[in-house]
Amino acid sequence: MSSASYKLTVCAIVQARSKSTRFPNKVLKNIGNGNNVIEFLVHRLKLAQLVDEIIIAIPDSEEETFLTQIQSIMGISIVLGSEDDVLERYYQCLDATNADIIVRITADCPLIDPEILDNCINQHITTHSEFTCNTHPPTYPDGMDVEVFNRSLLSDAYKNAEGRHEREHVTPWMKANAKILNVTHSTDLSDFRLTIDEKEDLLLINKLLEHLQYNIHADLISIIDIFDKYPELKSINSMHSRNEGSILPKSLKLWRRALKVIGKGNSLLSKNPDMFLPQGWPTYFSKTEGKYVWGIDNHKYKDMALMGVGTNLLGYSDPYVDESVYEIISEGNMSSLNCPEEVYLAEKMVNLHSWSDKVKFARSGAEANAIAVRLARACTGKEKILFCGYHGWHDWYLATNLTSTDNLAGHLLPGLNPTGVPKSLLGSIDSFQYNDIEEFRKLVSLNSYAAVIMEVERNFKPTNNFLETIAFECKKFGIILIFDECSSGFRETFGGLHKKYQVEPDMAMFGKALGNGYAITCVIGRDYVMEYCQESFISSTFWTERIGFTAALACLERMEMLRSWEVVTQLGEYFRSRLNDISTNSNLHITSSGISALSSYSIISDDWLKYKTYITQEFLKQDILATNSIYFCTKHSMSDIDQYIEILDNLFSVISECEYDQRDISCLLEFPICSAGFQRTN
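Just so we're clear, the structure is a prediction, and the values are computed from it rather than from any experiment. (Residues numbered from 1 in each chain as written. Predicted model: local features only at pLDDT ≥ 70, side-chain atom pairs only at ≥ 80, totals over all residues. Heavy atoms only, no water.)

A.B. asks: So what's going on with the environment of lysine 348? Which residues, and what values?
C.D. replies: Position of lysine 348 among the secondary structure elements: in helix H14 (residues 341-352). Taking the C-alpha atoms as reference, lysine 348 lies 50 Å from valine 654; in sequence the two are 306 residues apart. For lysine 348, the residues in contact, after removing those within four places along its chain, are Phe494, Leu556 and Glu560. (Helix = DSSP H or I, 4+ residues; strand = E, 2+ residues; numbered from the N terminus. Contact = heavy atoms within 4.5 Å.)

In structure tokens, the structure reads:
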């Protein structure tokens, strides 16, 4: 059969790219007789009798230009276009062809059967269809997908489609606005997967081609015969579902890739998407500005959640801080010599805390805590540590769980597993509860401690001279008092929160807000402790890089100009006031906690995690990143809080109905329930 008899011409447009979120460079992987995926596909397409020409449409970017190599190999046309707006890329192909009919093919389907292709084109032409496919619903295997549409319909879609999904996946607008002719197979074969989206898919395709002896003419019947003969083949990629590429958001695809190559998926538990909205949280960002974050799909969100997990007190990408960093990068970040900014920052930190004499810098809060503990042990000659709160992941801290898996309950994660922590550390650390001064006195009277390490304040305010008593007892028993200010520092005072309570420790640690998103942490201390830096080996190459020091210096200057600690505290107090108003009218038992600039709330209920998931889910629909905590920054405003409270008030009304059995919260959840996350008693 020839398309000439219909006086209509047909162009197959193959959309291809190398930057697949789930399986990068998949279209260039080798299969069958030295061909890569896209070459094998084009050879198959050339066997279709009704296809007059083939165009490969690829993103117009430097990373994709190597794909143009296949043009000389096959003598086919290449059209460059937008990476994300694939509909626009298809529309640009119209300048390269006069075809009346367009066939959409994806480059990850190398086994497309030419006979199936011809059948769909033939039915499209003979029935004068606007849009013809074999996927609505599918009865052919995934990987045998064909969509045929008129040139005019492509033009209409380009002019009228607006949504991101419509632009990225080419045909959704057409399906919604044209009459669809669906071509079906006599037997439902839709559970077979012959596309390449994952490494398991490529493995299956290679095994099939091996059994087919790399026959370029092999049809669908021959392929199914192989499955009948070797049924175990089907299990190779059975863990993947059909059309994941068009259904799953980019962030979830990338997260699944991450789980395969990164321990626990990422480097920080507090950014694990399961802590917020499993399968629904944006997870990855492309850029930031002020209080806004753009996901990797370029969708814009207002961050009313963690602001980099407390790092960006001045908001994201603060121009003053960033420009200082850009300037220093242009001059050089690392050398065989030391950078002077280390000295300038050390002087600044000591001047901010008159009781301190020296500093030691690091690049993470856990490192800073470990440094302080090491120096306290060196100074006192004692080993045992007493702590309250969260202080990182290092062995000295997790050793508490060597005695009982419940010891960290209320401080970090209940049942936190200390696997890998040396058993020899058993009994080297104890914990006490915040504001329980009698428990503290009992512990220090019965044990010989090198240090007491604690957060000045987290969820609860100190009562009954708690901090003053801690300091007095430490001095009495010769214990080094360490305040972990990595989270609390610079949020209520220009420096440590201990300045507010006028209680001076022997050492203190700072991080997070100190660099406004750039890695820098600091240990400050009195001479008699810090002098042990000379005796105990504490050293790291990247503690000397220049960016962290430069960012911190600029950040401190900016904080002082804005009096940022007052700004974020006022925002937090306003939020607490508004939250209290709606809580009173909600018929829910709502509690709030944390310092004002780092406010949290929760609902006392057995269904709290479901409610928390629902809150995050519904805020995302308003393009707002939200959980039950807010790290305020100077870019937030009272109007942001008003908007947040208005949304939350409506959600509390729904949750109240659920709590009193008028509705079922489980029926309102569109995603799995979030993880419990951090739980503290300090």
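Back to the text.
A.B. asks: Would you mind going over the sheet that holds strand S20 (residues 590-593) in detail, with residue names and values included?
C.D. replies: Adjacent strands of a sheet pair through backbone hydrogen bonds, lying either parallel or antiparallel. Ordered in space as S20-S21-S23, the 3 strands form an open sheet in which the pairing is antiparallel. The open sheet is flanked by S20 and strand S23 (629-631), the only strands paired with a single partner. If you compare each strand with its neighbour and ignore which way they point, the axes differ by 15 degrees on average. As judged from the 4 bridges shared by S20 and strand S21 (residues 598-603), these two strands associate in the antiparallel manner. Paired with threonine 591 across the strands is serine 602, a residue of S21. (Pairing = 2+ DSSP bridges. Axes fitted to C-alpha atoms, helices over the stretch in contact; angles between N-to-C directions.)

A.B. asks: Outline the environment of glutamine 534, supporting the account with residue identities and numerical values.
C.D. replies: Residue position: glutamine 534 is located in the loop between helix H20 (527-530) and helix H21 (546-562). For glutamine 534, a relative accessible area of 71% gives the class exposed. Between the C-alpha atom of glutamine 534 and that of lysine 512, which follows or precedes it by 22 residues, the distance is 27 Å. (Buried < 20%, exposed > 50% of the residue type's maximum accessible area, 1.4 Å probe, protein only.)

A.B. asks: Please provide a residue-by-residue account of the nonpolar core, values included.
C.D. replies: Of all hydrophobic cores here, the largest spans 104 residues; its most connected members are Met349, Met454 and Phe652. Sort the elements by how many residues they give to this core and helix H24 (residues 638-659) lands first, with 10 residues. Viewed by domain, this core spans two of them, domain 2 (262-308 + 565-667) and domain 3 (319-562), each represented by three or more residues. Once residues lying within four places of it in the same chain are set aside, the contact partners of phenylalanine 652 are Leu579, Ile582, Ser583, Ser586, Leu588, Ile590, Tyr601, Ile603 and Ile615. Counting residues in hydrophobic clusters, the runner-up holds 55 residues, among them Ala16, Leu41, Tyr140 and Leu202. (Core = buried A, V, L, I, M, F, W, Y, C linked by side-chain atoms within 4.5 Å. Domains from an automatic or database assignment.)

A.B. asks: Which residues make up a nonpolar patch on the surface, and what values go with them?
C.D. replies: On the surface, a nonpolar cluster with roughly 260 Å² of combined accessible area is contributed by Tyr320, Met561 and Leu562. Mapped onto the secondary structure, leucine 562 falls in helix H21. (Patch = residues over 30% accessible without salt bridge, like charges linked within 9 Å, V, L, I, M, F, W, Y side chains within 5 Å. Areas by Shrake-Rupley, 256 points an atom, 1.4 Å probe, with all protein chains shown as cover. Salt bridge = Lys/Arg side-chain N within 4 Å of Asp/Glu carboxyl O.)

A.B. asks: Before we move on, could you go through helix H22 (residues 564-584) and cite the residues and values that matter?
C.D. replies: In a regular helix each residue adds 1.5 Å, so 21 residues correspond to 30 Å; H22 covers 30 Å between its end C-alpha atoms and thus fits that length. Listed in full, the buried residues belonging to H22 are Ser564, Trp565, Val568, Thr569, Leu571, Gly572, Phe575, Leu579, Ile582 and Ser583. Across the axial projection of H22, the buried residues extend over an arc of 160 degrees, all falling on one side. For H22, the elements touching its buried residues are H21, S20, S21, S23 and H24. (Expected span 1.5 Å × (residues − 1). Arc of directions from axis to C-beta.)

A.B. asks: So what's going on with the domain arrangement of the protein chain? Which residues, and what values?
C.D. replies: Entries for the protein chain in the domain assignment read domain 1 (10-235), domain 2 (262-308 + 565-667) and domain 3 (319-562). The gap between the C-alpha centroids of domain 2 and domain 3 is 28 Å. Counting residues at the interface gives 13 residues for domain 2 and 14 residues for domain 3. By the criterion of area lost to domain 3, the three top residues of domain 2 are Trp565, Ile595 and Tyr631, representing 50% of everything that side buries. Between the two partners, domain 2 and domain 3, sit 0 salt bridges. Our count for the contact surface shared by domain 2 and domain 3 stands at 4 residue pairs in polar contact (both at pLDDT 80 or more). In terms of residue class, the side of domain 2 that touches domain 3 is built from 8 nonpolar, 5 polar and no charged. (Buried area = accessible area lost by both parts, 1.4 Å probe. Polar contact = N/O pair within 3.5 Å; in protein donor to acceptor, adjacent residues only side chain to side chain. Nonpolar A, V, L, I, M, F, W, Y, C, P; charged D, E, K, R; others polar.)

A.B. asks: Let's hear about the packing of helix H13 (residues 319-331) against H21: which residues, and what values?
C.D. replies: H21 packs onto H13 with a crossing angle of 150 degrees between their chain directions and a minimal axis gap of 8 Å. With respect to their mutual orientation, H13 and H21 come out roughly antiparallel. For the element pair H13 and H21, the recorded crossing hand is right-handed. From H13, Tyr320, Val321, Ser324, Val325, Ile328, Ile329 and Glu331 reach across to H21, where they touch Arg546, Ile547, Thr550, Ala551, Ala554, Cys555, Glu557, Arg558 and Met561. Class assignment of the residues belonging to the contact of H13 with H21 gives a composition of 10 nonpolar, 2 polar and 4 charged. (Parallel < 35°, antiparallel > 145°, perpendicular 65-115°, else oblique. Left-handed = near helix turned anticlockwise from the far one by under 90°.)

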